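Each chain, written out:
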Amino acid sequence: MPPNRRQALKGPDPLLAQRRRGALLGLAVGNALAVPTAHRPLMAVSFPTPAEGPYLKLMGGGPHELRKGQVTEEVQLACCLSHSLRDLKRYDAADALRRYRGWQPHAFDISEPMKEVLEDCLAGPPLGAGRRVWLRAFRQPAGVGSLARTAPLGVYLAGDTAARTQASLEDSALTHFDPRCQLACAAFNAALARAVTSGAGLKPEDLLVAAESGLLVAGAALGRSASDYVQEVTQAAALLREDLVLARQTDPQLYGPELHLHRPLHAVRVAFRLAFWELLHAPTAEAALLDVVHRGGDTEAHAAITGALVGAFHGEEALPAEWRKGVLEALATVKGPLWDVYHPRHLLTLASA
(Lines give C-alpha, C1' and ligand atoms only; values in the text may rest on other atoms or scores of the structure.)
Protein backbone atom coordinates (compact mmCIF):
# COMPACT_ATOMS: atom_id res chain seq x y z
CA MET A 1 0.00 0.00 0.00
CA PRO A 2 1.29 3.52 -0.70
CA PRO A 3 2.36 5.42 2.40
CA ASN A 4 -0.24 7.62 4.03
CA ARG A 5 0.18 11.26 3.16
CA ARG A 6 -0.97 14.02 5.42
CA GLN A 7 -3.11 16.56 3.67
CA ALA A 8 -1.29 19.87 3.38
CA LEU A 9 -2.65 22.60 5.61
CA LYS A 10 -4.34 25.34 3.64
CA GLY A 11 -3.65 28.92 4.54
CA PRO A 12 -5.65 32.02 3.57
CA ASP A 13 -6.21 32.36 -0.16
CA PRO A 14 -3.75 35.10 -1.20
CA LEU A 15 -6.07 36.36 -3.96
CA LEU A 16 -8.97 36.79 -1.58
CA ALA A 17 -6.72 38.44 1.00
CA GLN A 18 -5.60 40.86 -1.72
CA ARG A 19 -9.20 41.70 -2.51
CA ARG A 20 -10.23 42.19 1.13
CA ARG A 21 -7.31 44.53 1.72
CA GLY A 22 -7.98 46.17 -1.63
CA ALA A 23 -11.56 46.99 -0.66
CA LEU A 24 -10.61 48.62 2.63
CA LEU A 25 -7.43 50.31 1.44
CA GLY A 26 -9.23 51.46 -1.70
CA LEU A 27 -11.79 53.18 0.51
CA ALA A 28 -9.04 55.07 2.35
CA VAL A 29 -6.78 55.78 -0.61
CA GLY A 30 -9.63 57.14 -2.71
CA ASN A 31 -10.77 59.39 0.11
CA ALA A 32 -7.30 60.79 0.80
CA LEU A 33 -6.53 61.29 -2.88
CA ALA A 34 -9.68 63.39 -3.30
CA VAL A 35 -9.01 65.90 -0.51
CA PRO A 36 -7.80 68.74 -2.80
CA THR A 37 -10.81 68.52 -5.16
CA ALA A 38 -13.64 67.88 -2.71
CA HIS A 39 -16.81 69.92 -3.40
CA ARG A 40 -15.20 71.81 -6.25
CA PRO A 41 -17.25 72.16 -9.47
CA LEU A 42 -14.40 71.14 -11.74
CA MET A 43 -14.96 71.33 -15.46
CA ALA A 44 -14.46 67.84 -16.87
CA VAL A 45 -14.88 66.18 -20.25
CA SER A 46 -17.98 64.15 -20.97
CA PHE A 47 -18.03 60.42 -20.28
CA PRO A 48 -16.42 58.12 -21.33
CA THR A 49 -13.32 60.25 -21.97
CA PRO A 50 -11.21 60.15 -18.78
CA ALA A 51 -11.03 63.40 -16.83
CA GLU A 52 -7.49 64.66 -16.42
CA GLY A 53 -5.74 67.14 -14.18
CA PRO A 54 -2.82 67.77 -11.86
CA TYR A 55 -3.95 65.71 -8.84
CA LEU A 56 -1.99 62.55 -9.56
CA LYS A 57 -0.68 61.84 -6.07
CA LEU A 58 -1.59 62.31 -2.43
CA MET A 59 -1.41 66.02 -1.74
CA GLY A 60 -3.48 66.82 1.33
CA GLY A 61 -4.61 70.42 1.70
CA GLY A 62 -8.25 71.31 1.28
CA PRO A 63 -10.15 73.73 3.55
CA HIS A 64 -8.76 72.06 6.68
CA GLU A 65 -5.15 71.95 5.48
CA LEU A 66 -4.89 68.19 5.92
CA ARG A 67 -1.61 66.35 5.79
CA LYS A 68 -0.72 64.28 2.75
CA GLY A 69 -2.53 60.95 3.03
CA GLN A 70 -4.87 62.06 5.80
CA VAL A 71 -8.46 60.81 5.56
CA THR A 72 -11.78 62.47 6.37
CA GLU A 73 -15.21 61.65 7.80
CA GLU A 74 -16.03 58.77 5.47
CA VAL A 75 -13.01 56.68 6.42
CA GLN A 76 -12.99 57.71 10.07
CA LEU A 77 -16.55 56.42 10.43
CA ALA A 78 -15.60 53.25 8.57
CA CYS A 79 -12.94 52.79 11.26
CA CYS A 80 -15.63 53.11 13.94
CA LEU A 81 -17.63 50.41 12.19
CA SER A 82 -14.54 48.25 11.79
CA HIS A 83 -13.68 48.46 15.50
CA SER A 84 -17.25 47.49 16.40
CA LEU A 85 -17.25 44.44 14.11
CA ARG A 86 -13.85 43.32 15.31
CA ASP A 87 -14.66 43.70 19.01
CA LEU A 88 -18.15 42.17 18.97
CA LYS A 89 -17.59 39.64 16.14
CA ARG A 90 -20.96 40.74 14.71
CA TYR A 91 -22.86 43.87 13.75
CA ASP A 92 -24.65 45.74 16.52
CA ALA A 93 -26.43 48.97 15.60
CA ALA A 94 -26.38 50.43 19.10
CA ASP A 95 -22.65 49.85 19.44
CA ALA A 96 -21.93 51.29 15.98
CA LEU A 97 -23.95 54.43 16.77
CA ARG A 98 -22.21 54.79 20.14
CA ARG A 99 -18.88 54.82 18.32
CA TYR A 100 -20.11 57.29 15.68
CA ARG A 101 -21.20 59.63 18.47
CA GLY A 102 -17.88 59.14 20.25
CA TRP A 103 -16.08 60.22 17.08
CA GLN A 104 -17.83 63.61 16.96
CA PRO A 105 -15.63 65.45 19.52
CA HIS A 106 -12.50 64.43 17.62
CA ALA A 107 -13.74 65.30 14.12
CA PHE A 108 -12.18 68.31 12.40
CA ASP A 109 -15.17 68.47 10.07
CA ILE A 110 -18.65 66.94 10.14
CA SER A 111 -21.03 66.91 7.19
CA GLU A 112 -24.33 68.69 7.78
CA PRO A 113 -26.51 65.54 7.47
CA MET A 114 -24.33 63.71 9.99
CA LYS A 115 -24.29 66.69 12.33
CA GLU A 116 -28.07 66.92 12.29
CA VAL A 117 -28.49 63.26 13.15
CA LEU A 118 -25.92 63.34 15.94
CA GLU A 119 -27.64 66.37 17.46
CA ASP A 120 -31.02 64.64 17.21
CA CYS A 121 -29.64 61.70 19.19
CA LEU A 122 -29.93 64.00 22.21
CA ALA A 123 -33.60 64.76 21.55
CA GLY A 124 -34.98 61.23 21.68
CA PRO A 125 -33.98 57.57 21.47
CA PRO A 126 -30.65 57.62 19.56
CA LEU A 127 -31.49 54.62 17.37
CA GLY A 128 -34.45 56.54 15.94
CA ALA A 129 -32.58 59.75 15.08
CA GLY A 130 -32.00 58.92 11.43
CA ARG A 131 -35.67 58.21 10.87
CA ARG A 132 -36.79 61.38 12.68
CA VAL A 133 -34.46 63.59 10.65
CA TRP A 134 -35.67 62.01 7.40
CA LEU A 135 -39.33 62.49 8.30
CA ARG A 136 -38.80 66.12 9.31
CA ALA A 137 -37.32 66.75 5.87
CA PHE A 138 -40.44 65.31 4.18
CA ARG A 139 -38.72 62.04 3.27
CA GLN A 140 -36.42 63.74 0.79
CA PRO A 141 -32.74 63.54 1.88
CA ALA A 142 -30.79 60.75 0.21
CA GLY A 143 -27.21 61.62 1.13
CA VAL A 144 -24.14 59.57 0.45
CA GLY A 145 -22.69 59.35 3.97
CA SER A 146 -23.78 55.84 4.94
CA LEU A 147 -22.69 54.35 1.61
CA ALA A 148 -19.27 55.96 1.98
CA ARG A 149 -18.54 54.21 5.31
CA THR A 150 -20.09 50.84 4.59
CA ALA A 151 -17.30 48.73 3.04
CA PRO A 152 -16.35 46.98 6.33
CA LEU A 153 -19.74 45.25 6.33
CA GLY A 154 -19.24 43.92 2.81
CA VAL A 155 -15.85 42.51 3.72
CA TYR A 156 -16.44 41.17 7.24
CA LEU A 157 -19.90 39.69 6.54
CA ALA A 158 -19.09 38.56 3.00
CA GLY A 159 -20.08 34.95 3.65
CA ASP A 160 -23.42 35.59 5.37
CA THR A 161 -26.00 37.11 3.04
CA ALA A 162 -28.73 37.50 5.65
CA ALA A 163 -26.49 39.10 8.28
CA ARG A 164 -24.79 41.38 5.73
CA THR A 165 -28.09 42.55 4.28
CA GLN A 166 -29.64 43.29 7.65
CA ALA A 167 -26.51 45.04 8.92
CA SER A 168 -26.33 47.19 5.80
CA LEU A 169 -29.93 48.30 6.19
CA GLU A 170 -29.60 48.95 9.91
CA ASP A 171 -26.34 50.86 9.71
CA SER A 172 -27.61 53.16 6.98
CA ALA A 173 -30.86 53.74 8.87
CA LEU A 174 -28.89 55.06 11.86
CA THR A 175 -27.99 58.23 9.96
CA HIS A 176 -29.41 57.99 6.41
CA PHE A 177 -32.86 56.46 6.71
CA ASP A 178 -34.07 57.01 3.16
CA PRO A 179 -34.69 53.64 1.44
CA ARG A 180 -32.44 54.71 -1.44
CA CYS A 181 -29.56 54.93 1.04
CA GLN A 182 -30.39 51.71 2.84
CA LEU A 183 -30.81 49.68 -0.35
CA ALA A 184 -27.72 51.19 -1.98
CA CYS A 185 -25.63 50.05 1.01
CA ALA A 186 -27.02 46.53 0.82
CA ALA A 187 -26.48 46.26 -2.94
CA PHE A 188 -22.99 47.72 -2.75
CA ASN A 189 -21.99 45.34 0.03
CA ALA A 190 -23.34 42.41 -1.95
CA ALA A 191 -20.97 43.40 -4.77
CA LEU A 192 -18.03 43.69 -2.37
CA ALA A 193 -18.88 40.32 -0.88
CA ARG A 194 -18.89 38.72 -4.32
CA ALA A 195 -15.47 40.20 -5.06
CA VAL A 196 -13.79 39.11 -1.83
CA THR A 197 -15.15 35.56 -1.98
CA SER A 198 -14.53 34.84 -5.68
CA GLY A 199 -11.43 33.27 -7.15
CA ALA A 200 -9.73 33.80 -10.48
CA GLY A 201 -11.96 34.49 -13.45
CA LEU A 202 -14.08 37.11 -11.73
CA LYS A 203 -15.45 39.70 -14.17
CA PRO A 204 -16.68 43.24 -13.46
CA GLU A 205 -20.14 42.26 -14.66
CA ASP A 206 -20.28 39.63 -11.90
CA LEU A 207 -20.25 42.40 -9.31
CA LEU A 208 -23.17 44.16 -10.97
CA VAL A 209 -25.13 40.92 -11.00
CA ALA A 210 -24.33 40.51 -7.31
CA ALA A 211 -25.52 44.07 -6.63
CA GLU A 212 -28.78 43.39 -8.46
CA SER A 213 -29.30 40.23 -6.43
CA GLY A 214 -28.44 42.06 -3.22
CA LEU A 215 -30.90 44.79 -4.11
CA LEU A 216 -33.65 42.22 -4.60
CA VAL A 217 -32.99 40.54 -1.25
CA ALA A 218 -32.68 43.85 0.60
CA GLY A 219 -35.80 45.29 -1.01
CA ALA A 220 -37.86 42.35 0.21
CA ALA A 221 -36.38 42.56 3.71
CA LEU A 222 -36.88 46.32 3.98
CA GLY A 223 -40.40 46.10 2.61
CA ARG A 224 -41.30 43.66 5.39
CA SER A 225 -39.72 45.69 8.18
CA ALA A 226 -40.77 49.16 6.99
CA SER A 227 -44.39 48.56 6.09
CA ASP A 228 -45.18 52.28 6.47
CA TYR A 229 -42.76 53.09 3.65
CA VAL A 230 -43.52 50.38 1.11
CA GLN A 231 -44.06 52.89 -1.68
CA GLU A 232 -40.69 54.55 -1.02
CA VAL A 233 -38.96 51.17 -0.83
CA THR A 234 -40.43 50.04 -4.14
CA GLN A 235 -39.47 53.28 -5.85
CA ALA A 236 -35.97 53.24 -4.36
CA ALA A 237 -35.33 49.72 -5.63
CA ALA A 238 -36.49 50.69 -9.12
CA LEU A 239 -34.24 53.77 -9.17
CA LEU A 240 -31.17 51.84 -8.05
CA ARG A 241 -31.82 49.16 -10.67
CA GLU A 242 -31.91 51.98 -13.22
CA ASP A 243 -28.56 53.20 -11.89
CA LEU A 244 -27.01 49.79 -12.47
CA VAL A 245 -28.44 49.71 -16.00
CA LEU A 246 -26.98 53.13 -16.79
CA ALA A 247 -23.64 52.16 -15.23
CA ARG A 248 -23.32 49.66 -18.07
CA GLN A 249 -23.75 52.35 -20.71
CA THR A 250 -20.98 54.36 -22.30
CA ASP A 251 -22.52 57.54 -20.87
CA PRO A 252 -23.85 57.09 -17.33
CA GLN A 253 -25.81 60.37 -17.62
CA LEU A 254 -24.28 61.98 -14.55
CA TYR A 255 -24.31 65.50 -15.94
CA GLY A 256 -28.07 65.61 -16.45
CA PRO A 257 -30.98 67.62 -15.04
CA GLU A 258 -31.90 64.96 -12.46
CA LEU A 259 -28.57 63.48 -11.43
CA HIS A 260 -25.47 65.65 -11.60
CA LEU A 261 -22.02 65.07 -10.13
CA HIS A 262 -21.85 68.61 -8.78
CA ARG A 263 -25.24 68.74 -7.07
CA PRO A 264 -26.18 67.12 -3.73
CA LEU A 265 -29.67 66.11 -4.89
CA HIS A 266 -29.91 62.29 -5.08
CA ALA A 267 -26.30 62.12 -3.89
CA VAL A 268 -26.37 58.43 -3.00
CA ARG A 269 -27.51 57.47 -6.50
CA VAL A 270 -24.82 59.61 -8.10
CA ALA A 271 -22.07 57.91 -6.10
CA PHE A 272 -23.58 54.43 -6.55
CA ARG A 273 -23.91 54.77 -10.32
CA LEU A 274 -20.48 56.37 -10.71
CA ALA A 275 -18.68 53.63 -8.77
CA PHE A 276 -20.15 50.85 -10.88
CA TRP A 277 -19.49 52.81 -14.08
CA GLU A 278 -15.82 53.14 -13.15
CA LEU A 279 -15.64 49.43 -12.33
CA LEU A 280 -16.92 48.54 -15.80
CA HIS A 281 -15.17 51.19 -17.89
CA ALA A 282 -11.88 52.22 -16.25
CA PRO A 283 -9.01 49.89 -17.25
CA THR A 284 -7.36 49.98 -13.81
CA ALA A 285 -8.12 50.94 -10.23
CA GLU A 286 -5.70 53.84 -10.54
CA ALA A 287 -7.42 55.14 -13.69
CA ALA A 288 -10.83 54.90 -12.01
CA LEU A 289 -9.76 56.98 -9.02
CA LEU A 290 -7.99 59.62 -11.08
CA ASP A 291 -11.08 60.05 -13.22
CA VAL A 292 -13.31 60.44 -10.14
CA VAL A 293 -11.14 63.01 -8.36
CA HIS A 294 -10.84 65.16 -11.48
CA ARG A 295 -14.61 65.33 -12.05
CA GLY A 296 -15.27 67.38 -8.91
CA GLY A 297 -18.29 67.33 -6.67
CA ASP A 298 -18.23 65.30 -3.46
CA THR A 299 -15.03 63.59 -4.50
CA GLU A 300 -14.07 62.49 -0.98
CA ALA A 301 -17.16 60.29 -0.85
CA HIS A 302 -17.19 59.38 -4.56
CA ALA A 303 -13.55 58.29 -4.56
CA ALA A 304 -13.92 56.38 -1.28
CA ILE A 305 -16.87 54.39 -2.66
CA THR A 306 -15.27 53.84 -6.05
CA GLY A 307 -11.96 52.95 -4.38
CA ALA A 308 -13.59 50.26 -2.26
CA LEU A 309 -15.29 48.71 -5.29
CA VAL A 310 -12.37 48.74 -7.71
CA GLY A 311 -9.99 47.82 -4.90
CA ALA A 312 -12.11 44.78 -4.09
CA PHE A 313 -12.14 43.73 -7.72
CA HIS A 314 -8.52 44.44 -8.71
CA GLY A 315 -6.89 43.80 -5.32
CA GLU A 316 -4.55 45.74 -3.09
CA GLU A 317 -1.59 45.64 -5.48
CA ALA A 318 -3.60 47.52 -8.12
CA LEU A 319 -3.53 50.60 -5.89
CA PRO A 320 -0.23 52.46 -6.41
CA ALA A 321 2.25 51.60 -3.68
CA GLU A 322 2.99 55.28 -3.06
CA TRP A 323 -0.68 55.95 -2.37
CA ARG A 324 -0.99 53.02 0.03
CA LYS A 325 2.17 53.91 1.88
CA GLY A 326 1.17 57.57 2.17
CA VAL A 327 -2.22 56.74 3.66
CA LEU A 328 -0.91 54.14 6.12
CA GLU A 329 1.91 56.39 7.34
CA ALA A 330 -0.03 59.66 7.52
CA LEU A 331 -0.17 61.08 11.06
CA ALA A 332 2.33 58.48 12.33
CA THR A 333 4.15 61.21 14.23
CA VAL A 334 0.94 62.62 15.74
CA LYS A 335 -0.42 61.21 18.98
CA GLY A 336 -4.12 61.14 19.69
CA PRO A 337 -7.42 59.65 18.50
CA LEU A 338 -6.90 60.40 14.80
CA TRP A 339 -3.99 57.94 14.91
CA ASP A 340 -5.03 55.66 17.76
CA VAL A 341 -8.67 55.09 16.79
CA TYR A 342 -9.72 56.73 13.51
CA HIS A 343 -6.73 55.90 11.31
CA PRO A 344 -7.22 53.69 8.21
CA ARG A 345 -4.52 51.24 9.28
CA HIS A 346 -7.13 49.87 11.70
CA LEU A 347 -9.26 48.80 8.74
CA LEU A 348 -6.66 46.22 7.77
CA THR A 349 -7.09 44.32 11.01
CA LEU A 350 -10.63 43.62 9.85
CA ALA A 351 -9.37 42.39 6.47
CA SER A 352 -7.45 39.63 8.21
CA ALA A 353 -10.18 38.75 10.71
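Above this note sits the structure.
Q: Please clarify how the overall build of the protein chain should be interpreted in this entry.
A: Helix and strand content of the protein chain: 17 helices and zero strands. The C-alpha atoms of the protein chain give 19 Å as radius of gyration, which agrees with the globular expectation for 353 residues (20 Å, within 12%). Dimensions along the principal axes, computed over C-alpha positions, put the protein chain at roughly 75 × 50 × 45 Å. Per-residue burial over the protein chain gives 57% buried out of 353 residues. By sequence separation, contacts in the protein chain at least 24 residues apart represent 75% of the contacts at least 6 residues apart. Approximately 15,100 Å² of the protein chain is accessible, and the part contributed by carbon and sulfur atoms is 56%. In the protein chain, the 37 positive side-chain charges and the 36 negative ones have mean positions that sit 6 Å from each other.

Q: Mind showing me how you'd approach the state of the cysteines here?
A: Here a disulfide denotes a covalent bond joining the sulfur atom of one cysteine to the sulfur atom of another. Taken as a whole, this structure holds zero disulfides when the rule is applied. Take Cys 79: it sits in no disulfide, and the sulfur closest to it among the cysteines is that of Cys 80, at 7.1 Å. On the basis of relative accessibility, which here comes to 0%, the residue Cys 79 falls in the buried class. Accessibility expressed as a relative area gives 2% for Cys 80, which makes it buried.

Q: What is the right way to read the nonpolar core from this model?
A: Within soluble globular proteins, side chains that are nonpolar generally end up buried alongside one another. Counting residues in each nonpolar core, the largest one holds 113 residues, and the members touching the most others are Tyr 91, Leu 183 and Phe 276. With 12 residues, the top contributor of residues to this core is helix α9 (residues 179-196). Contacts of Leu 183, omitting those with residues within four sequence positions, involve Leu 169, Leu 215, Ala 218, Gly 219, Leu 222, Val 233, Ala 236, Ala 237 and Leu 240.

Q: For this particular structure, what's the right way to read the packing of helix α2 (residues 73-88) against helix α3 (residues 93-103)?
A: For any two helices packed against each other, the geometry is given by the interaxial angle and the distance between the axes. Put simply, α2 and α3 touch, their axes get as near as 9 Å, and they point 140 degrees apart. In terms of their interaxial angle, α2 and α3 are classed as oblique. Classified by chirality, the crossing of α3 by α2 is right-handed. On α3, the residues that touch Glu 73, Gln 76, Leu 77, Cys 80, Leu 81, His 83, Ser 84, Asp 87 and Leu 88 of α2 are Asp 95, Ala 96, Arg 99, Tyr 100 and Trp 103. Taken together, the residues of the contact of α2 with α3 sort by class into seven nonpolar, three polar and four charged.

Q: Explain empty space enclosed by the protein to me, please; I cannot follow it from the model alone.
A: Empty pockets left among the atoms are what a rolling probe the size of a water molecule brings to light. In the structure shown here, the tally under the stated rule is one cavity of 30 Å³ or more. The computed volume of the largest cavity comes to approximately 40 Å³. Forming the walls of the largest cavity are Gly 69, Gln 70, Val 71, Gln 76, Val 327, Ala 330, Leu 331, Leu 338, Tyr 342, His 343 and Pro 344. Considering only residue class, the lining of the largest cavity consists of seven nonpolar, four polar and no charged.

Q: Would you mind showing me how to read unusual backbone geometry here?
A: The peptide bond linking Phe 47 to Pro 48 adopts the cis configuration, its omega dihedral lying at 5 degrees. Within the secondary structure layout, Pro 48 lies in the loop between α1 (14-33) and α2. With phi around 50 degrees, Glu 65 is a residue other than glycine that occupies positive phi space. Locating Glu 65 in the fold gives a position in the loop between α1 and α2.

Q: Which parts of the structure should I look at to understand the packing of aromatic side chains?
A: Aromatic rings in a pair are described by how distant their centres are and how their planes are angled relative to each other. One pass over the full model with this rule turns up seven aromatic pairs. Arranged with centres 5.6 Å apart and planes meeting at 35 degrees, the rings of Phe 47 and Tyr 255 form a pair that is tilted. A residue pair is termed long-range when its members are at least 10 positions apart, and Phe 47 in the loop between α1 and α2 and Tyr 255 in the loop between α11 (230-247) and α12 (267-281) qualify at 208 residues. Exposure remark for Tyr 255: the relative accessible area of 30% places this residue in the partly exposed category.

Q: Before we go on, may I ask you to explain the pattern of salt bridges in this structure?
A: Pairing is possible between side chains that carry opposite charge, provided their charged atoms lie close to one another. One pass over the full model with this rule turns up 23 salt bridges. For Arg 98, the salt bridge identified is with Asp 95, shortest N-O distance 2.8 Å. Linking Arg 98 with Asp 95, this pair stays in helix α3, spanning three residues, or about one helical turn. Among the salt bridges present, the one from Lys 115 reaches Glu 112, with a minimum N-O distance of 3.3 Å. Linking Lys 115 with Glu 112, this pair stays in helix α4 (residues 112-120), spanning three residues, or about one helical turn. Here Lys 115 falls in the partly exposed class, since its relative accessible area comes to 28%. What you see here is one network of salt bridges that share partners, running through Arg 86, Asp 87, Asp 95, Arg 98 and Arg 99.

Rules used throughout
Residues numbered from 1 in each chain as written. Predicted model: local features only at pLDDT ≥ 70, side-chain atom pairs only at ≥ 80, totals over all residues. Heavy atoms only, no water. Helix = DSSP H or I, 4+ residues; strand = E, 2+ residues; numbered from the N terminus. Rg over C-alpha atoms; globule rule 2.2 N^0.38 Å. Buried < 20%, exposed > 50% of the residue type's maximum accessible area, 1.4 Å probe, protein only. Contact = heavy atoms within 4.5 Å. Areas by Shrake-Rupley, 256 points an atom, 1.4 Å probe, with all protein chains shown as cover. Lys, Arg positive; Asp, Glu negative; His and termini not counted. Charge placed at Lys NZ, Arg CZ, Asp CG, Glu CD. Disulfide = S-S within 2.5 Å. Core = buried A, V, L, I, M, F, W, Y, C linked by side-chain atoms within 4.5 Å. Axes fitted to C-alpha atoms, helices over the stretch in contact; angles between N-to-C directions. Parallel < 35°, antiparallel > 145°, perpendicular 65-115°, else oblique. Left-handed = near helix turned anticlockwise from the far one by under 90°. Nonpolar A, V, L, I, M, F, W, Y, C, P; charged D, E, K, R; others polar. 1 Å grid on protein atoms, 1.4 Å probe; cavity = no way out; pocket = protein on both sides within 12 Å on 5 of 7 lines; lining within 4 Å. Points joined across faces, edges and corners; volume = space filled by probe spheres on them. Phe/Tyr/Trp six-rings, centres within 6.5 Å; stacked < 30°, edge-to-face > 60°. Salt bridge = Lys/Arg side-chain N within 4 Å of Asp/Glu carboxyl O.

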